[in-house]
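Remarks on the overall topology
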Amino acid sequence: MDCYRTHNCGELCTNDIGKEVILSGWIQKIRNLGSLIFIDLRDFFGIIQLIFSKKINKIELKKEFVIKVSGKVVKRQSINQKIPTGEIEVLVSRLEILNSSISLPFLIEDQTDGDEECRMKYRYLDIRRNPIKNNLILRHDISLEIRNFLSKNGFLEIETPMLINQTPEGARSFVVPSRIHPGMFYALPQSPQLFKQLLMIGGIDKYFQIAKCFRDEDARSDRQIEFTQIDCEMAFVDVHDILIFFENFIKHIFKKIKNIELESFTCISHSDSMNLYGTDSPDLRFGMEFVKLNDWVHKKGIEFFKKKELTIGINVPKCSHYTCDQIHSIIEGIKEPKINHEEIFWIKFFMDKTILSSKKLLSHENLIKLIKHFKAIPGDLLFIICGIERKTRAKLSKLRIEMAHHLNLKNPKVFKPVWIINLPLLEWDEESKRYKSFHHPFTSPIKEDIHLLDNKNPGYIRSKSYELIINGMEIGGGSIRIHDKNIQNSIFKHLGFSIKDIESEFGFFTKAFEYGTPPHGGIAFGLDRLIAILEGKENIKDFIAFPKNNSGKDTMVNTPYFLKKEKLKELHL
Ligand code: ASP
């Protein structure tokens, strides 16, 4: 029987000096000093230096060869402080090459020379690097902690199927053709939404699942077409039960994994978030809240602003010294949304209290009043934007983030979670000229707004929904579900579903609701995003073992791929 190792490369220490050991691993580095050869041997657990006697130093060894060595642990002449095993080395008496390696496409080192595309193609080599390996260990630790915490709190982990019918999340679904049923398809789940609700109807009290979800959307650094959710649902709960429980859940994960004590989460309504930050995913690590100027400019009777739907501004601290060119290039750098040049201007309040405005729209007296209105102090820089509400907010929101970036205020070690609540129930879709669910069609309206369901303008109805944002990244979201058939039907009507549509798309689901549905609600967190944020990163790919690239391809396994004609025929396509 082969014995590959008595120890691993990371565990040996000065206590082992004098011991005969067997080690196996990959060659990280070779230094040939003529009479002596030093090799850094690496395995999953760490790196140790090997020193070779003359007898075996003739053998042709290269980086990433897999070798097995026997030898004696000895004290090192020159200590390497950078690695935990830096005080010792193994004097090799026997070497066996277990496997060779062809030339590598990139360096297997923490700082690699491989670009992302190349690392994705050879992901199995990328995983040998510490940064990726450590992320996978972190992912494992977090998943385990999640399972333990939820199980201890009475949640049952239940798997739901992958080959299903349409889900209501509002994205495009991936579909799988059925060979046995010509012309018919399965859809891959965008989330286990309907099943977790059915579990509540089935009498399960608390459900969770670390679930794979699939959405046919454009990939981004914080989005993958195939991703993982921590999916949860609870019976007999309302919004506050969910917020309290899951705030503790997130606090627990941060404490256990990073030893970080999060403060109480801020909680603001969706409309306040839009008014103050121009987005429903605000980054609260810095202020620069929007100042609404509609009333102020109208009171001053300034003609230019009269026709504008919205006039807003932000006060950027300590930036009055920015040159006009610098400011211009910051504004130009924000490509979307495009706005008219006349609709944005800035005011510098210099340290010597002089004021400079990029546009001559306000008298000096009014400039002083405006500065007071903003509570600006010398050294501040104000940006004012006006125009169509939606665009104006979106532009200023991006400018706020950009200025925070310039001022180094996006500290990855600071975490500011915020619950955004009462999101709209419906939103108008210009393309299809009809209302769409903001969350999904089973989200309950808030009690005070139910009467507005009969209204012709249901866009104002707020829902019992919530999203958790940390540092500007959406980490999770969910809602209290409708358990009243009349309310559900009224919402279906607003969404433009005919009785026939409802029957064919969600018939099984609405039927289930007739058998005594408990009040229930839930939430889902993006596991990939949660891990990335814990590490202060935005790119979720580094936390997924085998991610897709930015165009949704896996260049390693070569997918998506073309199906051969015979296969297409077999699938009736
Ligand atoms: N299924 C929802 C989503 O994926 C989450 C929820 O409502 O629980 O966004």
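Before reading on, note that the structure itself is shown above.
An account of the accompanying structure is given in this report. The structure presented is a predicted model; accordingly, all values stated were derived computationally and were not measured.

This paragraph deals with the nonpolar core. Judged by nonpolar contacts, the single largest core of 43 residues is most densely connected at Leu 150, Phe 246, Phe 249 and Ile 250. Here this core gets nine residues from one element, more than from any other, and that element is helix H5 (residues 239-258). Dropping the residues within four chain positions of it, Ile 250 is found in contact with Leu 262, Phe 265, Leu 468, Ile 470, Phe 525 and Leu 530.

Before going further, it helps to spend a moment on the site of the ligand. Inspection of the region around the ligand gives 14 residues, with Glu 169, Gln 193, Lys 196, Arg 215 and Arg 481 positioned closest. Ser 191 places a side-chain nitrogen or oxygen 3.2 Å from a nitrogen atom of the ligand. One of the side-chain N or O atoms of Arg 481 is found 2.8 Å from an oxygen atom in the ligand. Those elements that place two or more of their residues in the shell around the ligand are helix H4 (193-201), strand S21 (473-480) and strand S22 (520-526). Per-element accounting of the shell around the ligand gives the leading share, three residues, to S22. The class makeup of the residues in the shell around the ligand is two nonpolar, eight polar and four charged.

All right, on to the sheet that holds strand S16 (residues 381-387) then. Either a parallel or an antiparallel arrangement is found when strands of a sheet pair, and the pairing is made through backbone hydrogen bonds. Spatial ordering of the open sheet is given by S12-S13-S16-S14-S15, a layout of five strands whose pairing is antiparallel. Whereas interior strands pair on both sides, the edge strands pair on one side only; in this sheet they are strand S12 (291-292) and strand S15 (355-357). Relative to strand S13 (residues 310-316), S12 is paired through two bridges, and the arrangement is antiparallel. Its bridge partner lying in S13, Val 291 is registered against Gly 313. Packed onto the sheet, helix H11 (residues 389-406) meets S13, strand S14 (344-349) and S16 and runs at close to 5 degrees relative to S13.

Here the focus is helix H13 (residues 499-512). In a regular helix each residue adds 1.5 Å, so 14 residues correspond to 20 Å; H13 covers only 16 Å between its end C-alpha atoms and thus falls short of that length. The sharpest bend along H13 measures roughly 90 degrees and falls at Phe 506. Each element contacted by the buried residues of H13 is listed here: H4 and helix H12 (485-494).

The rules behind the values
- Residues numbered from 1 in each chain as written.
- Predicted model: local features only at pLDDT ≥ 70, side-chain atom pairs only at ≥ 80, totals over all residues.
- Heavy atoms only, no water.
- Core = buried A, V, L, I, M, F, W, Y, C linked by side-chain atoms within 4.5 Å.
- Buried < 20%, exposed > 50% of the residue type's maximum accessible area, 1.4 Å probe, protein only.
- Helix = DSSP H or I, 4+ residues; strand = E, 2+ residues; numbered from the N terminus.
- Contact = heavy atoms within 4.5 Å.
- Near = heavy atom within 4 Å.
- Polar contact = N/O pair within 3.5 Å; in protein donor to acceptor, adjacent residues only side chain to side chain.
- Nonpolar A, V, L, I, M, F, W, Y, C, P; charged D, E, K, R; others polar.
- Pairing = 2+ DSSP bridges.
- Axes fitted to C-alpha atoms, helices over the stretch in contact; angles between N-to-C directions.
- Expected span 1.5 Å × (residues − 1).
- Bend = angle between axes of the 7 residues up to and from the residue.

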